[in-house]
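Coordinates in review
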Amino acid sequence: VFNIRNKDETHWEKLTDVVFSGSVPLHRYMDILANFYQLFLSHTFGFYNKAKQSAKKIHLDLFLRKGFLSFPVYFFTSLNFFKLYEITRHRRYLHKAREFQKIIRDRHFLGNRNATPCSSILEAVELSLKPNISWSKVRTTFDVAIEIQRQERMTHLEALANELAGFTLSKLENGEAKVSRAYLSRAMEVYHEYGAFAKCRWLKEKISCE
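Summary of the structure given here.

Evaluation of the coordinates by the stated rule reveals eight aromatic pairs. Ring geometry for phenylalanine 36 versus tyrosine 37: centroids 5.9 Å apart, planes at 50 degrees, classification tilted. Exposure remark for tyrosine 37: the relative accessible area of 43% places this residue in the partly exposed category. For the ring pair phenylalanine 45 and tryptophan 202, a centre distance of 6.1 Å and an interplane angle of 90 degrees mean the geometry is edge-to-face. A residue pair is termed long-range when its members are at least 10 positions apart, and phenylalanine 45 in the loop between helix H3 (26-44) and helix H4 (48-59) and tryptophan 202 in helix H11 (residues 197-209) qualify at 157 residues. Judged by relative accessible area, which is 24%, phenylalanine 45 ranks as partly exposed. Among the aromatic residues, those joined into a ring-pair cluster are Phe36, Tyr37, Phe40, Phe75 and Phe76.

Here it is as structure tokens:
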């Protein structure tokens, strides 16, 4: 951030893989990054309404919609709206989640390898929210998503997929507690391998409260 503030364009390009454009003020890039980090961290640590506010700020920025952060923003925005729907059952959140999910799914069908891991996670989450869905089908769909993350070496998403599987399966009727705990234990292992120690502590505290 220090180098970005001092307009070190070389450092910026290494950080983002984007060539600095003088037509876009540097403070715009920094605002976008700040809002994205706020979206990501708010969702990661369970502040879902705060994440929703951050997402709204981001999507008002026309530049970002075609920028380098558009893809992860769409993914976490969709994931956050699915979570808000799970909590409130307000269908407007489900519609918004599917709106952003469709963008990622379309890119997956077009052969974008970056889209496939995220699309598989969103598919599992969406399936789990359907009424009268079987526990085994949800588990199978999450297992497919987890395996995709592993094959693509998307460590952070592998941890996230295990976390989502663990909490989701624990809430579904006929869920087996041992199976759910196994997913959550694996999530903590992968988060730790990734270096997300704060997330490990948060997850451990949340599991103890369940």
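Still more to cover.
The next thing to look at is unusual backbone geometry. With a phi close to 60 degrees, asparagine 132 is a non-glycine residue in the positive phi region. The residue asparagine 132 is located in the loop between helix H7 (115-128) and helix H8 (135-151) in this model. Even without glycine at this site, arginine 153 takes up a positive phi of about 60 degrees. As for its position among the elements, arginine 153 is in the loop between H8 and helix H9 (155-171). On the basis of relative accessible area, arginine 153 is assigned to the exposed category, the value being 74%.

Attention now goes to the packing of H4 against helix H5 (residues 70-88). The geometry of H4 relative to H5 is characterised by a closest axis approach of 10 Å and an angle of 140 degrees between their N-to-C directions. Judged on the interaxial angle alone, H5 and H4 are oblique. Once H4 is placed against H5, the crossing between them reads as left-handed. In this structure, H4 uses Tyr48, Asn49, Ala51, Lys52, Ala55, Ile58 and His59 to contact H5, whose residues at the interface are Val73, Tyr74, Thr77, Asn80, Phe81, Lys83, Leu84 and Ile87.

Counting 55 residues, the largest nonpolar core has Phe75, Leu79, Ile104, Ile121, Val125 and Leu160 as the members making the most contacts within it. Here this core takes ten residues from H5, the largest share from any one element. Non-local contacts of valine 125, meaning those with residues more than four positions away in its chain, are made with Leu79, Phe82, Phe142 and Leu164.

Rules behind the numbers
- Here the residue numbers are simple positions, counted from 1 along each chain's written sequence.
- In keeping with the predicted nature of the model, local features appear solely for residues at pLDDT of at least 70, side-chain atom pairs appear and are counted solely at 80 or more, and the whole-chain, interface and lining totals rest on all residues.
- The basis for every side-chain value is the complete set of non-hydrogen atoms in the structure, without hydrogens or water.
- We call Phe, Tyr and Trp rings a pair once their centres come within 6.5 Å, taking the six-membered ring for Trp, and we label the pair stacked below 30 degrees between planes, edge-to-face above 60, and tilted otherwise.
- To sort residues, take the accessible area from a 1.4 Å probe on protein chains only and compare it with the maximum for the residue type: under 20% means buried, over 50% means exposed, and anything in between is partly exposed.
- Helix and strand definitions here come from DSSP, where helices need a minimum of 4 consecutive H or I residues and strands a minimum of 2 consecutive E residues; each element is numbered from the N-terminal end.
- Interaxial angles span 0 to 180 degrees and are taken between N-to-C directions of axes, which are lines fitted to C-alpha atoms, for helices over the stretch in contact.
- Comment on the angle field: the value is read as roughly parallel under 35 degrees, roughly antiparallel over 145, roughly perpendicular from 65 to 115, and oblique elsewhere.
- The crossing is said to be left-handed when, going from far helix to near helix, the turn is anticlockwise and less than a right angle, and right-handed when the turn is clockwise.
- It only takes one pair of heavy atoms within 4.5 Å for two residues to be counted as in contact.
- Residues belong to a common nonpolar core when they are buried Ala, Val, Leu, Ile, Met, Phe, Trp, Tyr or Cys residues joined through side-chain atoms within 4.5 Å.

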